[in-house]
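Breakdown of the fold
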Amino acid sequence: MVILLMYSTQSHNTPAKNETQNKEFRWYNSPQDAIDEASKQNKRVILIFSASWCPSCRKIEEETLQNRDVLGKISENYIAAKIDVDSDPSAASTYGIYVIPTTIILDSSGNEIGRREGYMSPEEFLSYLG
C-alpha cells in the first residue's frame, strides 16, 4: 500500500512539473505565432532559421540552443521560434533568408531590429541577445 501511494505521488508530481516547464519556455515554429504571443507579453521575438541538413545549424542547435544560460536569457526576454527553411519556405522568403543559420530579433510588433547570419557560440549568442 505504501508503495502504491509513493508511486501515485511521483506520477502525479512529474507531469505537473513538466507542464510548468513547458509553460515557461516554448519554441514556436511559426514567426506569426511568436509575434502574436510577443505582442501579448510585450517581449521581443527571436527567430532562428535553419535546416536539418545544415552542419552549422546542427552545431548551433546542439551547442548553443541547448546551453542553460542561453535558454534562460531567451525565456526571460523573448518569445522564440525555430523555422525550418525547407518546411516553411514562405517564411524564409518573407524574411529574406539566404544564409542559414540566421537569427533575427524582432520587436513585439514584428519589426526587425537585429540579424546575424551563421553559427554563434553560446557566448556570442548571449552577447548578441544583449
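Residues numbered from 1 in each chain as written. Predicted model: local features only at pLDDT ≥ 70, side-chain atom pairs only at ≥ 80, totals over all residues. Heavy atoms only, no water.

1. Observations regarding the side chain of Lys43
Mapped onto the elements of the fold, Lys43 is located in the loop between helix 2 (31–41) and strand 2 (44–50). With no salt bridge to any partner, buried Lys43 finds its closest opposite charge in Glu37, at an N-O distance of 8.0 Å. There is a polar contact of 3.1 Å between the side chain of Lys43 and the backbone oxygen of Ser75. Apart from the residues lying within four places of it in its own chain, the contact partners of Lys43 are Ala38, Ser75, Glu76, Asn77, Tyr78, Ile79, Asp107 and Ser108. (Helix = DSSP H or I, 4+ residues; strand = E, 2+ residues; numbered from the N terminus. Buried < 20%, exposed > 50% of the residue type's maximum accessible area, 1.4 Å probe, protein only. Lys, Arg positive; Asp, Glu negative; His and termini not counted. Salt bridge = Lys/Arg side-chain N within 4 Å of Asp/Glu carboxyl O. Polar contact = N/O pair within 3.5 Å; in protein donor to acceptor, adjacent residues only side chain to side chain. Contact = heavy atoms within 4.5 Å.)

2. Observations concerning the pairing of strand 5 (residues 112–117)
Note: strand 4 (residues 102–106) against strand 5, five bridges, orientation antiparallel. Opposite Ile104, over in strand 5, you have Arg115 as the bridge partner. Between strand 4 and strand 5, which follow one another and run antiparallel, lie five residues, and Gly110 among them has a positive phi close to 95°. (Pairing = 2+ DSSP bridges.)

3. Brief notes about the pairing of strand 2
Counted residue by residue, strand 2 has six buried out of seven residues, so it is predominantly covered. By the bridge criterion, seven bridges tie strand 2 to strand 3 (residues 78–84) in an arrangement that is parallel. Directly across from Ile48, in strand 3, lies its bridge partner Lys82. With five bridges joining them, strand 2 and strand 4 adopt antiparallel strand pairing. Its bridge partner being in strand 4, Ile46 is matched across the sheet by Ile105.

4. Thoughts on the nonpolar core
Counting residues in hydrophobic clusters, the biggest one holds 21 residues, and the most contacted among them are Leu47, Phe49, Tyr95, Ile97 and Ile100. Where this core is concerned, the elements lending two or more residues are helix 2, strand 2, strand 3, helix 5 (89–94) and strand 4. With residues up to four places along the chain from it excluded, the contact list for Ile97 reads Phe49, Val85, Ala92, Thr102, Ile104 and Arg115. By size, the runner-up hydrophobic cluster in this structure holds 13 residues, among which are Ile74, Ala80, Ile105 and Leu129. (Core = buried A, V, L, I, M, F, W, Y, C linked by side-chain atoms within 4.5 Å.)

5. Examining the sheet that holds strand 5
Ordered by their spatial adjacency, five strands build an open sheet running 1-3-2-4-5, and the pairing between neighbours is mixed. Each edge of the open sheet is held by one strand with a lone partner, namely strand 1 (27–28) and strand 5. Each of strand 1, strand 2, strand 3 and strand 4 touches helix 2; the most contacted strand, strand 3, lies at about 180° to it. Sheet strands touched by helix 6 (residues 122–129): strand 2, strand 3, strand 4 and strand 5. Its angle to strand 4, the strand with the most contacts, is close to 25°. (Axes fitted to C-alpha atoms, helices over the stretch in contact; angles between N-to-C directions.)

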